[in-house]
Amino acid sequence: MNLIVFSLNAVARFPHEEIEKCMRLALMEFGIEPKDHEHFPQDLNILQAFKAYFKTELDQSLNEEQLELLIKHFSKKVKKLFLSDDDLFEIRPGVQSLFGEIEKHKSWKYGIISHLDFTTTRFILQSCGVFSKDKLTLCAEEGKNYQEQISRLEKRLQKVEKAPKVHFFTLEKDESLAKETSLILPKKSKKEKNYFTYRRFEEYFKKVKKNKKKKNK
């Protein structure tokens, strides 16, 4: 069994600086004035980011009720952002075709993991034409980092105590990832910021194509 995992940023294209802006606006609506230079690292779990902000900047802990309210503010800001400019969220060219090609292989499964909360993740995916209801999707609430989320996906697919081989499409390297995880960093365009096009399944996994030819002989 092989498991192909896509980070949200590898499925949908959206500017991180706008997400940061929504986070700052959510804090302001919560009654906190964030510093102008305050930055939240890309791909950092949003729940952990808000908790860390309260701990380092305000020297206090964020309880679950406060966190839930903060996330609600954030999600509303993202939706408002989309309504003001729906071109900010775009599906990565070729990813839907890659999903379809993976589905043709019985021993291959795929899932999406997100550093954002469930409501925001679902909204972004649906805005891009990816309906996560039919996809195996894990969000920030289901793991504090990518490795925890990938481990959960593995357990869902694991059969006869044999863990699947994991291939991970993402934009950035992550120190939390297990050594056995095969990391795939799509080649970005030099002309356009944060842009790339997916190739065919066989171009990423050439061995599968070769094995298929041998079986047909």
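One can find the structure itself at the top, above this paragraph.
Residues numbered from 1 in each chain as written. Predicted model: local features only at pLDDT ≥ 70, side-chain atom pairs only at ≥ 80, totals over all residues. Heavy atoms only, no water.

1. Regarding the overall build of the protein chain
Part 1 of the reasoning: The helix and strand inventory of the protein chain stands at nine helices and seven strands.
Part 2 of the reasoning: For 217 residues, the compact-globule estimate of 2.2 N^0.38 gives 17 Å, and the protein chain sits close to it at 19 Å.
Part 3 of the reasoning: When its C-alpha atoms are laid out on the principal axes, the protein chain stretches across 70 × 40 × 30 Å.
Part 4 of the reasoning: Relative to its full complement of 217 residues, the protein chain shows a buried share of 47%.
Part 5 of the reasoning: Sequence-distant contacts, at least 24 apart, represent 67% of the contacts inside the protein chain between residues at least 6 apart.
Part 6 of the reasoning: Roughly 12800 Å² of accessible area belongs to the protein chain as shown, and the carbon and sulfur atoms make up 49% of that amount.
Part 7 of the reasoning: The averaged location of the 33 negative side-chain charges in the protein chain is 11 Å from the averaged location of its 43 positive side-chain charges. (Helix = DSSP H or I, 4+ residues; strand = E, 2+ residues; numbered from the N terminus. Rg over C-alpha atoms; globule rule 2.2 N^0.38 Å. Buried < 20%, exposed > 50% of the residue type's maximum accessible area, 1.4 Å probe, protein only. Contact = heavy atoms within 4.5 Å. Areas by Shrake-Rupley, 256 points an atom, 1.4 Å probe, with all protein chains shown as cover. Lys, Arg positive; Asp, Glu negative; His and termini not counted. Charge placed at Lys NZ, Arg CZ, Asp CG, Glu CD.)

2. Brief notes about the packing of aromatic side chains
Part 1 of the reasoning: Scanning the model with the defined rule gives 21 aromatic pairs in all.
Part 2 of the reasoning: Arranged with centres 6.4 Å apart and planes meeting at 90°, the rings of F6 and Y110 form a pair that is edge-to-face. Taken together, the residues F6 in strand β1 (residues 2-7) and Y110 in strand β4 (residues 108-113) connect sequence positions 104 residues apart. We note that F6, like Y110, is buried.
Part 3 of the reasoning: Their ring planes at 85° and their centres at 5.1 Å tell us that W108 and F201 sit as a pair that is edge-to-face. With a gap of 93 residues between them, W108 in strand β4 and F201 in helix α8 (residues 201-204) connect regions that are remote in the sequence. When sorted by exposure, W108 lands in the same class as F201, which is buried.
Part 4 of the reasoning: The structure contains a cluster of three or more aromatic residues connected by ring pairs, namely F6, F99, W108, Y110, F169, F196, Y198, F201, Y204 and F205.
Part 5 of the reasoning: For R199, the ring lying beneath its charged end belongs to Y204, and the centroid distance is 4.4 Å. (Phe/Tyr/Trp six-rings, centres within 6.5 Å; stacked < 30°, edge-to-face > 60°. Lys NZ or Arg CZ within 6 Å of the ring centre and 35° of its normal.)

3. Some points on unusual backbone geometry
Part 1 of the reasoning: Phi angles above zero are rare outside glycine, and D43 is one such case at about 75°.
Part 2 of the reasoning: The backbone phi angle of D59 is positive, close to 55°, even though this residue is not glycine.
Part 3 of the reasoning: Along the polypeptide, D59 turns up in the loop between α3 (46-57) and α4 (64-84).
Part 4 of the reasoning: Note on D59: relative accessible area 66%, which makes it exposed.

4. Things to note about helix α2 (residues 16-29)
Part 1 of the reasoning: Between its first and last C-alpha, α2 extends 20 Å over 14 residues, near the 20 Å set by a 1.5 Å rise per residue.
Part 2 of the reasoning: Taken residue by residue, α2 has H16, E18, I19, E20, C22, M23, R24, A26 and L27 as its buried positions.
Part 3 of the reasoning: Of the surrounding elements, those touching the buried residues of α2 are α3 and α4.
Part 4 of the reasoning: In the stretch just after α2, G31 is the one whose phi turns positive, near 105°. (Expected span 1.5 Å × (residues − 1).)

5. Side note on the pattern of salt bridges
Part 1 of the reasoning: Taken as a whole, this structure holds 11 salt bridges when the rule is applied.
Part 2 of the reasoning: Notably, a salt bridge pairs R13 with E192, separated by 3.3 Å at the nearest N-O pair. Placement of the pair is R13 in strand β2 (residues 12-13) and E192 in the loop between β7 (182-184) and α8, with a sequence separation of 179 residues.
Part 3 of the reasoning: In this structure R13 comes out as buried when scored by relative accessible area, which is 16%.
Part 4 of the reasoning: Owing to a relative accessible area of 39%, E192 belongs among the partly exposed residues under this scheme.
Part 5 of the reasoning: Between R200 and E202 there is a salt bridge whose closest N-O contact spans 3.8 Å.
Part 6 of the reasoning: Of the residues examined, R200 reaches a relative accessible area of 49% and is grouped as partly exposed.
Part 7 of the reasoning: Under the relative-accessibility criterion, E202 is labelled partly exposed at 21%.
Part 8 of the reasoning: Counted as one network, the salt bridges with shared partners bring together R13, E90 and E192. (Salt bridge = Lys/Arg side-chain N within 4 Å of Asp/Glu carboxyl O.)

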